[in-house]
Amino acid sequence: MKAVTVVPGDATSLRLEEVAEPEPGADELLLTMLMAGICGTDHEILEGDIGYPAPGRDRLVLGHEALGQVSTAPEGSDFSPGDLVAPIVRRPDPVPCANCAVGEWDMCRNGRFTEAGIRGLDGYTAQELSLPAEFAVKVSPDLGYLGVLVEPASVVAKAWEHILHIGSRGHWSANRVLVTGAGPIGLLATLFATRLGVEVHVLDRATDGPKPGLVGDLGALYHNEGLERIGEQFDVVLECTGDFDLVMAVPAVTGPNGIVCLAGVTDEGHQVVVNSDLARNLVLENRTVFGTVNGNRRHYEEAARVLAHTDQTWLGQVVNRRIPLDDWKEAYTRHPDDVKTVIQFLPPKGGVPAQPARGDSPDAPS
Ligand code: BGC
């Protein structure tokens, strides 16, 4: 079977190659992979900046956002052939730490966790996959190929869970929300925010392309004129760009008891001069700035549930570039109007509800 692999640390090593077919163990599902999503983390790996292969290996199968269909399932498992499944990215550390021991591996304390397609474990951009059933999350057949968004949505589900948890330290509501960045994570964060029925603003640099419309369709307000022009007193800022200047600027636009959630990964080694008012105002008005990464099973299940109740036309516009496996190189080339690019594996075995009735882009591979 074919898989997209890379030698972590070598920016010239990305290739599609023949690899051994998986042999599922007693507790494992065999999945036919339908789609793999591509995100900023994949680009960081293929540019040689982060990632490492499984022990004893040189190459890493890339990809951690994916959708597969069960071919075979262990007897007595909750899965049956034909089920759609989103595989979980992170696996608990071997110690395990107190969090990994109870399934909260997204909060691992010793850093010895692995992440499929990123750190120490092969990923999901392969035609087939053997996956321990405990790391598989069922996706509604109604969601079809849009289930490829469950992983990025799980990151957002965790972010919102933690925001609401922190907010509950006092009498507080997320009445005014700002999302910075209208990429897939920012758009999904906006989706979750608008479900709360509150005022949501989104800041991005794009002046045209699909982002303003996607934000508007959710009933949120789109801005591209800079942070200083969109007001203050936000109860929540969800920072999804990783832009360090923006990260340092957003606490100032929160109101008393405001919460800044950092979900974008900032480049290493940047320095800025910071005014001490930043720290002073965090203290004097009970503001919080916190970071969040990854999700555990609870967040994947919440993500799958929310996506299944979301307008599929809108979700179909988020997954706005679908590239067949044979053109895999094109999938890793960035274009200005990209929102979420996915590789589509062809053809799925046994007939699959891979296309929703609505929201399909006209250039989708058939
Ligand atoms: C993934 C997370 C992962 C993080 C850091 C993100 O792109 O969605 O699951 O933990 O990268 O590697």
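Look a little higher up for the structure.
Rules behind the numbers
- Residues numbered from 1 in each chain as written.
- Predicted model: local features only at pLDDT ≥ 70, side-chain atom pairs only at ≥ 80, totals over all residues.
- Heavy atoms only, no water.
- Pairing = 2+ DSSP bridges.
- Helix = DSSP H or I, 4+ residues; strand = E, 2+ residues; numbered from the N terminus.
- 1 Å grid on protein atoms, 1.4 Å probe; cavity = no way out; pocket = protein on both sides within 12 Å on 5 of 7 lines; lining within 4 Å.
- Points joined across faces, edges and corners; volume = space filled by probe spheres on them.
- Axes fitted to C-alpha atoms, helices over the stretch in contact; angles between N-to-C directions.
- Parallel < 35°, antiparallel > 145°, perpendicular 65-115°, else oblique.
- Contact = heavy atoms within 4.5 Å.
- Nonpolar A, V, L, I, M, F, W, Y, C, P; charged D, E, K, R; others polar.
- Near = heavy atom within 4 Å.
- Polar contact = N/O pair within 3.5 Å; in protein donor to acceptor, adjacent residues only side chain to side chain.
- Areas by Shrake-Rupley, 256 points an atom, 1.4 Å probe, with all protein chains shown as cover.
- Buried < 20%, exposed > 50% of the residue type's maximum accessible area, 1.4 Å probe, protein only.
- Expected span 1.5 Å × (residues − 1).
- Left-handed = near helix turned anticlockwise from the far one by under 90°.

A. Spotlight on the sheet that holds strand 1 (residues 2-6). Here 3 strands make up an open sheet; going across it, the order is 2-1-4 and the pairing antiparallel. For this open sheet the edge positions go to strand 2 (15-18) and strand 4 (60-61), each flanked by a neighbour on one side alone. Bridge count for strand 1 against strand 2 is 4 bridges, and the pairing is antiparallel. Counted as the bridge partner of Val-4 is Leu-16 from strand 2.

B. Representation of the pairing of strand 16 (residues 254-262). Relative to strand 16, strand 15 (residues 234-239) is paired through 5 bridges, and the arrangement is parallel. Bridged to Leu-238 within strand 16 is Cys-261. The sheet contact formed by strand 16 and strand 17 (residues 288-291) spans 4 bridges and is parallel. Paired with Cys-261 across the two strands is Phe-290, which belongs to strand 17.

C. Local environment of the layout of surface pockets. Of the volumes computed, that of the second largest pocket is approximately 360 Å³. In terms of lining, the second largest pocket is formed by 18 residues, of which the most central are Pro-22, Asp-122, Gly-123, Leu-129 and Ser-130.

D. Structural view of the packing of helix 3 (residues 184-194) against helix 7 (residues 297-308). At a minimum axis distance of 12 Å, the contact between helix 3 and helix 7 shows a crossing angle of 75°. By the angle between their axes, helix 3 is roughly perpendicular relative to helix 7. Where helix 3 abuts helix 7, its residues Leu-188, Leu-191 and Phe-192 lie against Glu-302, Ala-303, Val-306 and Leu-307. The residue makeup of the contact of helix 3 with helix 7, split by class, is 6 nonpolar, no polar and 1 charged.

E. Quick peek at the site of the ligand. Contacts to the ligand come from Cys-39, Thr-41, His-64, Val-89, Arg-90, Glu-115, Ile-118, Arg-119, Glu-151, Val-155, Val-293 and Asn-294. Between the ligand and His-64, the relevant distance is 3.2 Å, taken from an oxygen atom to a side-chain nitrogen or oxygen of the residue. Between the ligand and Glu-115, the relevant distance is 2.5 Å, taken from an oxygen atom to a side-chain nitrogen or oxygen of the residue. Within the complex, 87% of the 310 Å² of free accessible area of the ligand lies under protein. Here the shell around the ligand is composed, by residue class, of 5 nonpolar, 3 polar and 4 charged.

F. Spatial organisation of the pairing of strand 5 (residues 65-72). The buried fraction of strand 5 is high, at 6 of 8 residues. Pairing analysis gives 2 bridges linking strand 5 to strand 6 (residues 84-87), with the strands arranged antiparallel. Within the sheet, the bridge partner assigned to Gln-69 lies in strand 6 and is Leu-84.

G. Region of interest: the side chain of Thr-292. Here Thr-292 is to be found in the loop between strand 17 and helix 7. Classification of Thr-292 by relative accessible area gives buried; the value is 11%. In contact with Thr-292, not counting residues within four places along its chain, are Lys-158, Ala-159, Cys-261, Leu-262 and Ala-263.

H. Here's a closer look at helix 2 (residues 150-167). With 18 residues, helix 2 ought to run about 26 Å at 1.5 Å a step, and its terminal C-alpha atoms sit 25 Å apart, in line with that. The element helix 2 is largely enclosed, with a buried count of 15 among its 18 residues.

I. Up close: the packing of helix 2 against helix 3. Two elements in contact, helix 2 and helix 3, have axes separated by 9 Å at closest approach and are oriented at 50°. Between helix 2 and helix 3, the angle is such that the two are oblique. Here helix 2 runs over helix 3; the crossing is right-handed. Counting all contacts with helix 2, which are made through Pro-152, Ala-153, Val-155, Val-156, Ala-157 and Trp-160, the residues of helix 3 involved are Ile-185, Leu-188, Ala-189, Phe-192 and Ala-193. For the contact of helix 2 with helix 3, the per-class residue count stands at 11 nonpolar, no polar and no charged.

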